[in-house]
Amino acid sequence: MAGLEGMEQPRPRSDPAAAPPGIPDADPDRTPASRRPLNAVPEPAGEQTLGEVRLPSRPQSAGIARRLTAAVLLRQWSLTPQLAEHAVLLVSELVGNAVRHTGARTFGLRMLRRRGWVRIEVRDPSRGLPCLMPVQEMDISGRGLFLVDKLSERWGVDLLPRGKTTWFEMRIADR
């Protein structure tokens with residue numbers, strides 16, 4: 001399923017090594033590399049991945065996801081401010097959908113960079129599919145996927161055995 005091979009599954013709460021729900025483990029010696037935030041891991045052919053960060057399904061998590069996205073795209077990957085601004089907006093929309101519509105306790109945020117592309121994923125335990133709705137000029141809500149559709153090169157949803165990953169990709173200029 002589109003980039004989730006080898007992805008560590010959330011640990012049950014009874015696991016003594018598990019972090020508190022929705023809070024990434026602060027002890028890097030106990031945190032698997034696939035879940036360490038802000039550590040872009042080099043992959044073959046110049047690819048980089050930010051391991052999945054688990055966040056609580058609360059409105060405040062949208063701000064955390066926006067700041068994390070901006071930090072990775074601007075500081076670690078040195079991408080353009082305009083691309084980062086668009087990606088931050090789209091992350092906010094996908095996180096908002098995960099928080100409002102899935103009933104989940106947590107969701108995951110993951111960022112991948114490969115030659116010419118950035119892919120950002122939001123994973124949640126719901127199998128309910130998001131729906132791109134027609135948008136009218138005076139609508140005050142329901143524009144999230146419309147924005148994702150307009151500002152990203154492509155987007156989609158991958159169903160998982162337990163949940164789904166909603167993702168978008170944006171072209172980048174490699175330096």
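About the criteria used
Residues numbered from 1 in each chain as written. Predicted model: local features only at pLDDT ≥ 70, side-chain atom pairs only at ≥ 80, totals over all residues. Heavy atoms only, no water. Helix = DSSP H or I, 4+ residues; strand = E, 2+ residues; numbered from the N terminus. Expected span 1.5 Å × (residues − 1). Buried < 20%, exposed > 50% of the residue type's maximum accessible area, 1.4 Å probe, protein only. Pairing = 2+ DSSP bridges. Core = buried A, V, L, I, M, F, W, Y, C linked by side-chain atoms within 4.5 Å. Contact = heavy atoms within 4.5 Å. Phe/Tyr/Trp six-rings, centres within 6.5 Å; stacked < 30°, edge-to-face > 60°. Lys NZ or Arg CZ within 6 Å of the ring centre and 35° of its normal. 1 Å grid on protein atoms, 1.4 Å probe; cavity = no way out; pocket = protein on both sides within 12 Å on 5 of 7 lines; lining within 4 Å. Points joined across faces, edges and corners; volume = space filled by probe spheres on them. Nonpolar A, V, L, I, M, F, W, Y, C, P; charged D, E, K, R; others polar.

Moving on, we come to helix H2 (residues 81-101). Compared with an ideal rise of 1.5 Å per residue, which puts 21 residues at 30 Å, H2 spans 30 Å between its outermost C-alpha atoms and is within 8% of the ideal. With its phi angle positive at about 70°, glycine 103 sits one or two positions after the end of H2.

What follows is about the pairing of strand S4 (residues 117-124). Consecutive side chains along a regular strand alternate between the two faces of the sheet. Counting buried residues in S4 gives eight out of eight residues, a clear majority hidden from the surface. The two faces of S4 match: Trp117, Arg119, Glu121 and Arg123 on one face and Val118, Ile120, Val122 and Asp124 on the other face are all buried. One ladder, built from seven bridges, connects strand S3 (residues 106-114) with S4; its direction is antiparallel. Counted as the bridge partner of arginine 114 is tryptophan 117 from S4. Between S3 and S4, which follow one another and run antiparallel, lie two residues, and glycine 116 among them has a positive phi close to 85°.

Turning our attention to the nonpolar core. Among the nonpolar cores identified, the biggest contains 30 residues, and Leu73, Val95, Leu109, Met111, Ile120 and Phe168 are the most heavily contacted of them. Those elements that provide at least two residues to this core are strand S2 (47-56), helix H1 (60-76), H2, S3, S4, helix H3 (144-151) and strand S6 (163-171). If you tally residues by element for this core, the top one is H2, at nine residues. For methionine 111, the residues in contact, after removing those within four places along its chain, are Gln48, Thr49, Leu50, Leu68, Thr69, Val72, Leu73, Trp77, Arg119 and Ile120.

This paragraph deals with the pairing of S6. Within S6, eight of the nine residues are buried, which leaves the element mostly enclosed by the surrounding structure. The pairing of S4 with S6 spans eight bridges and is classified as antiparallel. What sits directly across from glutamate 121, in S6, is tryptophan 167. As judged from the seven bridges shared by strand S5 (residues 154-160) and S6, these two strands associate in the antiparallel manner. Looking at the pairing, arginine 154 lines up with glutamate 169 of S6. Counting the residues that bridge the hairpin from S5 to S6 gives two residues.

Here the focus is the packing of aromatic side chains. By the definition in use, this model includes zero aromatic pairs. One Lys or Arg, arginine 119, reaches over the ring of tryptophan 167 and ends 4.1 Å from the middle of that ring.

Once that is clear, we can look at the layout of surface pockets. Approximately 430 Å³ is the volume found for the second largest pocket. If you go around the second largest pocket, you meet 24 residues; those closest to its centre are Asn97, His101, Pro130, Cys131 and Leu145. For the lining of the second largest pocket, the secondary structure elements donating two or more residues are H2, S4, H3 and S6. Considered class by class, the residues forming the lining of the second largest pocket number ten nonpolar, nine polar and five charged.

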